[in-house]
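Fold and geometry: a report
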Amino acid sequence: MDNIVLIGFMGSGKTGVGRELARLLSIPFYDMDEMLEQEAGMPVSEIFRLEGEEGFRKRESSLLTRLVRDKSGNASAAVYSTGGGIVTRKENIPFLKKLGTVVLFKVSPGTVIERIGNDASRPMLAGSGREKRVRELMLLRTPMYLACADIVLAMDGYSKEENALRTKIVLQEHGCL
Ligand code: S3P
């Protein structure tokens with residue numbers, strides 16, 4: 001089995017559903033944002049504050065290339081959850097594809113607002129006018145997500161557990177498991 005790489009907007013369930021999916025498949029789960037926080041010794045919001053988005057993106061791309069480089073050494077497949085902005089650097093896309101089967105979790109702006117409307121840990125949505133910002137960013141990023149995805153799954157309206165099961169079924173249907 002190849003790795004499963006989850007992409008999608010903030011609040012699309014990459015981490016929550018991803019963890020549950022990994023449990024269903026009995027394989028490890030890795031969250032790239034968590035790995036970056038561990039490497040940097042600070043939360044993502046602090047990396048943004050000290051190094052700006054550019055500094056964060058450099059760290060993110062560097063981690064991604066290292067994960068791909070180390071892939072052949074890992075016998076077991078894993079589920080990887082990525083940060084919502086990883087597709088904004090064009091050069092990341094071939095690396096995401098090399099890392100594994102890329103699954104896009106598609107959600108509506110309404111779902112994002114409902115889930116992370118008041119979450120202060122998302123620097124990309126800092127400040128006022130969050131709803132407008134979500135819509136703008138999503139519009140801008142949707143073609144990038146689609147350019148990268150092997151599988152697209154609409155996630156609105158289902159629980160975390162249902163979405164993990166739906167993802168597993170789709171992966172089975174695609175012959176990925
Ligand atoms: C970002 C999404 C975040 C995190 C960072 C930037 C983005 O990850 O990587 O705050 O640009 O969309 P989540 O998608 O897990 O929230």
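Here goes a summary of the coordinates provided. Residues take numbers from 1 onward in each chain, read along the sequence in its written order. Under the rules for a predicted model, residues below a pLDDT of 70 receive no local features and side-chain atom pairs below 80 are neither given nor counted, while totals for whole chains, interfaces and linings still include all residues. Just so you know, side-chain values use all the structure's heavy atoms and leave hydrogens and water out.

This part is about the packing of helix α2 (residues 32-40) against helix α3 (residues 44-69). It is at 10 Å that the axes of α2 and α3 come closest, and there the two elements cross at 110°. Taken together, the axis directions place α2 and α3 in an arrangement best described as roughly perpendicular. As α2 runs across α3, the sense of the crossing is right-handed. Contact residues: M32, D33, M35, L36, E37, E39 and A40 in α2; V44, I47, F56, R59, E60, L63, L64, R66 and L67 in α3. Three classes are used, and their members are as follows: Ala, Val, Leu, Ile, Met, Phe, Trp, Tyr, Cys and Pro are nonpolar, Asp, Glu, Lys and Arg are charged, and the others, Gly among them, are polar. Along the lines of polarity and charge, the residues of the contact of α2 with α3 split into 10 nonpolar, no polar and six charged. Lines fitted to C-alpha atoms define the axes, with helix axes restricted to the stretch in contact, and inter-axis angles between N-to-C directions lie between 0 and 180 degrees. Going along the chain from the N terminus, every DSSP run of H or I of four or more residues is numbered as a helix, and every run of E of two or more is numbered as a strand. Reported orientations rely on four angle classes, namely roughly parallel under 35 degrees, roughly antiparallel over 145, roughly perpendicular from 65 to 115, and oblique for the rest. Put simply, a crossing is left-handed when the front helix is turned counterclockwise from the back one by less than a right angle, and right-handed when it is turned clockwise. Should any heavy atoms of two residues lie within 4.5 Å, those residues are considered in contact.

Here we come to the pairing of strand β4 (residues 101-106). The buried count for β4 comes to five of six residues, which makes it a mostly enclosed element. Strands were regarded as paired on the criterion that DSSP finds at least two bridges between them. Sheet topology note: the strand β1 (residues 4-8)/β4 ladder contains five bridges and is parallel. What sits directly across from G8, in β4, is F105. Pairing geometry for β4 and strand β5 (residues 151-154), over four bridges, is parallel. For F105, the partnering residue across the bridge sits in β5 and is L153. Burial classification: accessible surface area is computed with a 1.4 Å probe over protein chains only, and a residue below 20% of its type maximum counts as buried, one above 50% as exposed, and the rest as partly exposed.

Below, the discussion takes up the site of the ligand. Consider each residue's heavy atoms; a residue with any of them within 4 Å of a molecule or strand counts as near. The environment of the ligand is made up of 14 residues, and the closest members are K14, D33, R57, R122 and R141. Residues adjacent in sequence count toward polar contacts only when both atoms are side-chain atoms; beyond that, a polar contact is any pair of N or O atoms within 3.5 Å, and within protein one must be able to donate a hydrogen and the other to accept it. One nitrogen or oxygen atom from the side chain of R57 is found 2.7 Å from an oxygen atom belonging to the ligand. Note that accessible areas follow from Shrake-Rupley with a 1.4 Å probe, and for residues the cover is restricted to the protein chains shown. When the ligand is considered free in solution it has 380 Å² of accessible area, and contact with the protein chains removes 95% of it. Using only the protein atoms, space was sampled on a 1 Å grid; points where a 1.4 Å probe fits but cannot get out form cavities, open sets with protein on both sides within 12 Å along at least five of seven lines form pockets, and lining residues are those with an atom within 4 Å of a point. Put plainly, a molecule is in a cavity or pocket when over half of its atoms are within 2 Å of the grid points there. Cavity membership is defined here by more than half of the atoms lying within 2 Å of grid points; on that basis the ligand lies in the largest pocket.

This paragraph deals with the nonpolar core. The biggest cluster of nonpolar side chains holds 53 residues, and the ones touching the most others in it are I4, I7, F9, V79 and L96. The greatest single-element share of this core, amounting to eight residues, is contributed by α3. What we call a nonpolar core is a set of buried Ala, Val, Leu, Ile, Met, Phe, Trp, Tyr and Cys residues that are connected through their side-chain atoms within 4.5 Å.

This next bit is on the side chain of E60. Mapped onto the elements of the fold, E60 is located in helix α3. There is a polar contact of 2.9 Å between the side chain of E60 and the side chain of R57. If near-sequence neighbours (up to four positions away) are discounted, E60 is found in contact with M32, L36, G83, G85 and I86.

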